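Here is how the chains run, residue by residue.
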Amino acid sequence: MRAIDHPLVRALLSLELPSADFVIAGSGPLLAHGIKDDIRDLDVVARGRAWARACAFGAPEPSPFGEHVEKVAVLDGRIEIFNGWFAEAGSVDELIARSEVVDGLRYESLADVRRWKRLLGRPKDRADLALIERHLGGRAPARPPHAGDPIP
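Predicted, not measured: the structure shown is a model, and the values here were computed from it.

Draft legend 1. Structural context of the side chain of Ser109. Looking at the element boundaries, Ser109 is found in the loop between strand S7 (105-107) and helix H5 (110-120). Assessed through its relative accessible area of 1%, Ser109 is described here as buried. Only 3.1 Å separates the side chain of Ser109 from the backbone nitrogen of Asp112, close enough to count as a polar contact.

Written out as structure tokens, the structure is:
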């Protein structure tokens, strides 16, 4: 199944967020690259008009990604829209600038996904890292981390 056909991606598209102002993060890029066949939730990082539209679906709540990052949960929390991401990822603008476009949607770069999954190191992150490494076959991700990134 292509990522664009996944029910969560279809639900995200139904929210009509301005596509230039958000990036699909978390496990979404693994779905987009065919690394995972299915995901249970969708993380979206939004700015500007996309964040304003997300706020129309619910009141922003604190997120685990820092004191200034908020989230709006949609579809019983299966889609979470954030106004920021991990501090190590830089600004939302930088995250979007480094994104990869698959089927017309912006996805967090695999380099970024790899970096934050290494930082978190949870069992599910280690499992995803193994899948990413297998997918890349030992190659570096297409987009290297930006200057000033911590070395994992």
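Moving on from the coordinates now.
Draft legend 2. Structural context of the pattern of salt bridges. Evaluated as defined, the whole model comprises 14 salt bridges. One salt bridge connects Asp128 with Lys36, and the closest N-O pair in it is separated by 3.0 Å. Taken together, the residues Asp128 in helix H6 (residues 123-136) and Lys36 in the loop between helix H2 (28-32) and strand S2 (42-46) connect sequence positions 92 residues apart. Note that Asp125 and Arg122 form a salt bridge whose closest N and O atoms lie 2.6 Å from each other. A relative accessible area of 0% places Asp125 in the buried class. Judged by relative accessible area, which is 35%, Arg122 ranks as partly exposed. Taken together, the shared-partner salt bridges in this structure form one network comprising Lys36, Lys117, Arg122, Asp125 and Asp128.

Draft legend 3. Quick peek at the pairing of strand S5 (residues 79-82). Burial along S5 is two-sided: the face carrying Ile79 and Ile81 and the face carrying Glu80 and Phe82 are both buried. Of the strand pairs in this sheet, S2 and S5 are connected by 4 bridges, and their pairing is parallel. Across the sheet, Asp43 pairs through a bridge with Glu80, a residue of S5. For strand S4 (residues 70-74) and S5, the ladder comprises 4 bridges, and the chain directions are antiparallel. Bridging across to S5, Lys71 finds its partner in Phe82. Linking S4 back to S5 in an antiparallel pair, the connection comprises 4 residues, with Leu75 at a positive phi of about 55°.

Draft legend 4. Seen up close, the pairing of S4. With 2 bridges joining them, strand S3 (residues 61-62) and S4 adopt antiparallel strand pairing. Within S4, the position partnered with Pro62 by the bridge is Glu70.

Draft legend 5. Broad picture of empty space enclosed by the protein. The tally for this structure, following the rule as stated, stands at 1 cavity of 30 Å³ or more. By volume, the largest cavity is sized at about 40 Å³. Every residue along the wall of the largest cavity is listed here: Glu88, Ala89, Glu108, Asp112, Arg115 and Trp116. Residue classes in the lining of the largest cavity are distributed as 2 nonpolar, no polar and 4 charged.

Rules and cut-offs
Residues numbered from 1 in each chain as written. Predicted model: local features only at pLDDT ≥ 70, side-chain atom pairs only at ≥ 80, totals over all residues. Heavy atoms only, no water. Helix = DSSP H or I, 4+ residues; strand = E, 2+ residues; numbered from the N terminus. Buried < 20%, exposed > 50% of the residue type's maximum accessible area, 1.4 Å probe, protein only. Polar contact = N/O pair within 3.5 Å; in protein donor to acceptor, adjacent residues only side chain to side chain. Salt bridge = Lys/Arg side-chain N within 4 Å of Asp/Glu carboxyl O. Pairing = 2+ DSSP bridges. 1 Å grid on protein atoms, 1.4 Å probe; cavity = no way out; pocket = protein on both sides within 12 Å on 5 of 7 lines; lining within 4 Å. Points joined across faces, edges and corners; volume = space filled by probe spheres on them. Nonpolar A, V, L, I, M, F, W, Y, C, P; charged D, E, K, R; others polar.

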